[in-house]
Amino acid sequence: MKQQFIEELHQYDLEALKAFDKFCKEHGLRYFAIGGTLLGAVRHKGFIPWDDDIDVDMPIDDYVRFGKLWLKFGDKKKYFLQTKKTDPKIPCPFYRLRLNNTTWSEPEYETFPIHWGIPLDIFPVYNLPKNRKLRKLQRKLNSRALRLCEYDWKNLNANRMASWFYQKLTFLCLFGVHFISNCSKFTTDIYYPYGYKDKREGKKEWLYPSKSIMFEGIELQSYPDPHTYLSWQYGENYM
């Protein structure tokens, strides 16, 4: 039963991935298959049999453009772009492209007031400043934004004024992270703010030029050297 469920989930994941990839190609947006999605592409030419979602990175400029373009031209009948603006109670501030008319959550969370469609996770990649104090500030602001999201999420019974305050502080912190990134476009370092534990810094040379990689028959964008990325995230024995 579990395997049948995973296979059905993979079909929904693949449907969302095709829509996302097509949209990015139509609008000249860069992205990179990452995490289990990239590992699956390298090891299995598709899904890792037990993996249950799709993960991609986007350089911050493309990430911001994607958000704006999707709200104008995306298929909003079929998909919902979940952000802190479109769904303020979400526990993390990164984008999720959720499939309407589906549910993907743990039973204890289903009553929480957010969109629970099957997600495609979209993570930003920020530019890192050369100045160490600014780097520390950028990380601190990002960490604070995450904590504020989690606090707002875990305190659903808080009064509306408190929730409004948490959300405004989150936007303020994210604005700071984006501002520092925009002022650091010409540095060589990049910052992965979500899902990488302590391995958060990388080099822009890892990103360009992007390389195509096959995933379940779809030609995805990925890192020019998947081995370097996968070794960095999972260790040399990732295969």
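Fair warning: this is a prediction, and the values are worked out from it, not measured in the lab.

1. A few points about the overall build of the protein
(1) Moving on: Tallying secondary structure elements over the protein gives 6 helices and 9 strands in all.
(2) Moving on: In terms of overall dimensions, the protein is globule-like: its C-alpha atoms have a radius of gyration of 18 Å, near the 18 Å expected for 239 residues.
(3) Moving on: The principal-axis extent of the C-alpha atoms belonging to the protein is close to 50 × 45 × 35 Å.
(4) Moving on: Taking all contacts inside the protein whose residues are at least 6 apart in sequence as the whole, residues at least 24 apart take part in 66%.
(5) Moving on: Of the accessible surface of the protein, which amounts to about 13,000 Å², a share of 56% is contributed by carbon and sulfur atoms.
(6) Moving on: Counting 37 positive and 29 negative side-chain charges, the protein places the averaged centre of each group 10 Å from the other.

2. Quick word on the nonpolar core
(1) Moving on: Core analysis: the largest hydrophobic core is formed by 61 residues, its most contacted members being Phe20, Met58, Phe66, Leu120, Ile122 and Tyr223.
(2) Moving on: Of all the elements, helix H1 (residues 2-26) adds the most residues to this core, at 7 residues.
(3) Moving on: In this structure, Met58 is in contact with Phe20, Cys24, Leu29, Arg30, Tyr31, Tyr63, Phe66, Ile122, Phe123, Pro124 and Val125, ignoring residues within four places of it in sequence.

3. What about the packing of helix H2 (residues 35-44) against helix H6 (residues 226-234)?
(1) Moving on: Look at H2 against H6: their axes get within 11 Å of each other, and the N-to-C directions meet at 130°. When the axes of H2 and H6 are compared, the pair comes out oblique. The chirality of how H2 crosses H6 is left-handed. Between H2, through Gly35, Gly36, Leu38, Leu39 and Val42, and H6, the contact on the second element is made entirely by Pro226, Tyr229, Leu230, Gln233 and Tyr234.
(2) Moving on: Of the residues contributing to the contact of H2 with H6, the split by class is 7 nonpolar, 3 polar and no charged.

4. Here we look at the pattern of salt bridges
(1) Moving on: Enumeration according to the criterion identifies 6 salt bridges in this entry.
(2) Moving on: We note a salt bridge from Asp21 to Lys25, for which the minimum N-O separation is 2.9 Å. Taken as a pair, Asp21 and Lys25 lie in helix H1 at a separation of 4 residues, close to a single helical turn.
(3) Moving on: In this structure, Arg30 engages Asp62 in a salt bridge whose closest nitrogen and oxygen atoms are separated by 2.5 Å. Here the residue Arg30 occupies a position in the loop between H1 and strand E1 (32-33), and Asp62 occupies one in helix H3 (residues 60-73), the gap between them amounting to 32 residues.
(4) Moving on: Here Asp62 falls in the buried class, since its relative accessible area comes to 4%.

5. Quick notes on a positive patch on the surface
(1) Moving on: On the surface, a cluster of positive charge is contributed by Lys136, Lys140, Arg144 and Arg147.
(2) Moving on: On the accessibility criterion, Lys136 (64% relative accessible area) is exposed.

6. Quick look at H2
(1) Moving on: In terms of burial, H2 is a largely internal element, 7 of the 10 residues being buried.
(2) Moving on: The inward-facing, buried residues of H2 contact E1, strand E2 (54-59), strand E8 (211-215), strand E9 (218-222) and H6.
(3) Moving on: Of the residues one or two after H2, Lys45 is the one with positive phi, at around 60°.

Quick notes on the rules
Residues numbered from 1 in each chain as written. Predicted model: local features only at pLDDT ≥ 70, side-chain atom pairs only at ≥ 80, totals over all residues. Heavy atoms only, no water. Helix = DSSP H or I, 4+ residues; strand = E, 2+ residues; numbered from the N terminus. Rg over C-alpha atoms; globule rule 2.2 N^0.38 Å. Contact = heavy atoms within 4.5 Å. Areas by Shrake-Rupley, 256 points an atom, 1.4 Å probe, with all protein chains shown as cover. Lys, Arg positive; Asp, Glu negative; His and termini not counted. Charge placed at Lys NZ, Arg CZ, Asp CG, Glu CD. Core = buried A, V, L, I, M, F, W, Y, C linked by side-chain atoms within 4.5 Å. Buried < 20%, exposed > 50% of the residue type's maximum accessible area, 1.4 Å probe, protein only. Axes fitted to C-alpha atoms, helices over the stretch in contact; angles between N-to-C directions. Parallel < 35°, antiparallel > 145°, perpendicular 65-115°, else oblique. Left-handed = near helix turned anticlockwise from the far one by under 90°. Nonpolar A, V, L, I, M, F, W, Y, C, P; charged D, E, K, R; others polar. Salt bridge = Lys/Arg side-chain N within 4 Å of Asp/Glu carboxyl O. Patch = residues over 30% accessible without salt bridge, like charges linked within 9 Å, V, L, I, M, F, W, Y side chains within 5 Å.

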